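Now for the letters of each chain:
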Amino acid sequence: RVFILLSVSWMASSLQNGHAPLRRAYFVNLSNGCECANVLAERNVPFMCIRIQSSHLEGRHYSEMLDGLDSNFLVHLALGTECVVLDFGSNQKQWPDEMKPGVPRALYQGLEFVKFACHNIWNLPPVSVKVRGHDAHQDFADAVRKIPPRTRRRIKYFRDFVAPGTEQIYLRAAYAPTLLDKQKQIHVSELRCAMLHNPATIDSSEKLWLPEEMIEYVSSDYEAAGRGLVAWKNENRS
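These numbers were taken from a predicted model, which means no experiment stands behind them.

Peer 1: So what's going on with the nonpolar core? Which residues, and what values?
Peer 2: Membership of the largest hydrophobic core comes to 45 residues, with the highest contact counts inside it found for Phe73, Phe113 and Trp122. Those elements that provide at least two residues to this core are β2 (24–29), α4 (62–67), α5 (71–79), β4 (82–89), α6 (105–121), α7 (137–145) and β7 (171–177). With ten residues, the top contributor of residues to this core is α6. Here Phe73 is in contact with Phe27, Ile50, Cys83, Val85, Leu111, Val114 and Leu171, once residues within four sequence places are set aside. If you look at the next biggest cluster of nonpolar residues, it comprises 15 residues, including Ala37, Phe47, Val84 and Ala194.

Peer 1: An account of the pattern of salt bridges is requested, with residue identities and associated values reported.
Peer 2: Here the structure, examined in full by the defined rule, presents six salt bridges. A salt bridge links Lys115 to Glu112, with the shortest nitrogen-to-oxygen separation between them at 3.1 Å. Of this pair, Lys115 and Glu112 both sit in helix α6, separated by three residues, roughly a single helical turn. The class for Glu112 is buried, based on a relative accessible area of 16%.

Peer 1: Give me the pairing of β7: which residues, what numbers.
Peer 2: By the criterion of burial, β7 is predominantly enclosed, with six of the seven residues buried. Relative to β7, β4 runs parallel, the two sharing seven bridges. Across the sheet, residue Phe88 finds its bridge partner in β7, namely Ala176.

Reading the values: rules and limits
- Residues numbered from 1 in each chain as written.
- Predicted model: local features only at pLDDT ≥ 70, side-chain atom pairs only at ≥ 80, totals over all residues.
- Heavy atoms only, no water.
- Core = buried A, V, L, I, M, F, W, Y, C linked by side-chain atoms within 4.5 Å.
- Buried < 20%, exposed > 50% of the residue type's maximum accessible area, 1.4 Å probe, protein only.
- Helix = DSSP H or I, 4+ residues; strand = E, 2+ residues; numbered from the N terminus.
- Contact = heavy atoms within 4.5 Å.
- Salt bridge = Lys/Arg side-chain N within 4 Å of Asp/Glu carboxyl O.
- Pairing = 2+ DSSP bridges.

Below you can see the structure in the form of structure tokens.
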């Protein structure tokens with residue numbers, strides 16, 4: 001599926017101000033994004049998975065979308081990593097200029113809201129947001145005000161990882177029209193195969209490495225020894 005990467009069109013990135021990011025991380029949006037998982041693995045590009053559901057966006061259920069965001073994704077954004085989200089879409093609406101049809105809603109609406117919400121909750125400078133070319137600031141501002149406290153606390157947790165002086169998060173997106181829309185079993189198969197070669201993971205047959213002074217926790221190594229107490233059963237396990 002090399003042609004997939006060659007046909008990818010980059011959407012606008014948020015690199016106008018501030019310092020350029022030092023690191024980049026790729027995220028495949030489940031499920032259609034799995035169409036490029038094997039290409040990434042073949043090119044030795046580490047990747048992680050994220051799930052932004054278009055159904056949440058169609059109903060403007062932004063809080064539910066934020067609840068589903070992966071912690072790896074959020075901490076990378078907060079740390080200043082350039083996060084690249086890859087997806088494949090079935091949307092056939094006409095787009096302006098050179099944009100191809102098929103831009104997934106997860107990208108043109110979902111990521112724009114993520115950018116707006118993170119800037120707002122992390123106390124970063126205001127950011128311009130557009131959905132299909134239209135200014136979405138007021139709509140997104142209303143949505144952020146309605147975010148439940150539990151969801152707001154979850155996103156706010158990552159604010160401590162934002163470096164002092166940060167002016168923006170770095171978020172990019174790439175897409176291509178899907179060839180396998182709603183073919184979940186094929187997506188699962190593609191991802192399973194890609195994970196065998198994903199450099200973000202290592203061969204589990206290798207000896208487990210742990211930082212010095214850390215020991216592996218195994219629940220069966222402990223037994224009850226009175227109220228609130230436990231006893232170590234296997235002192236010889238290395």
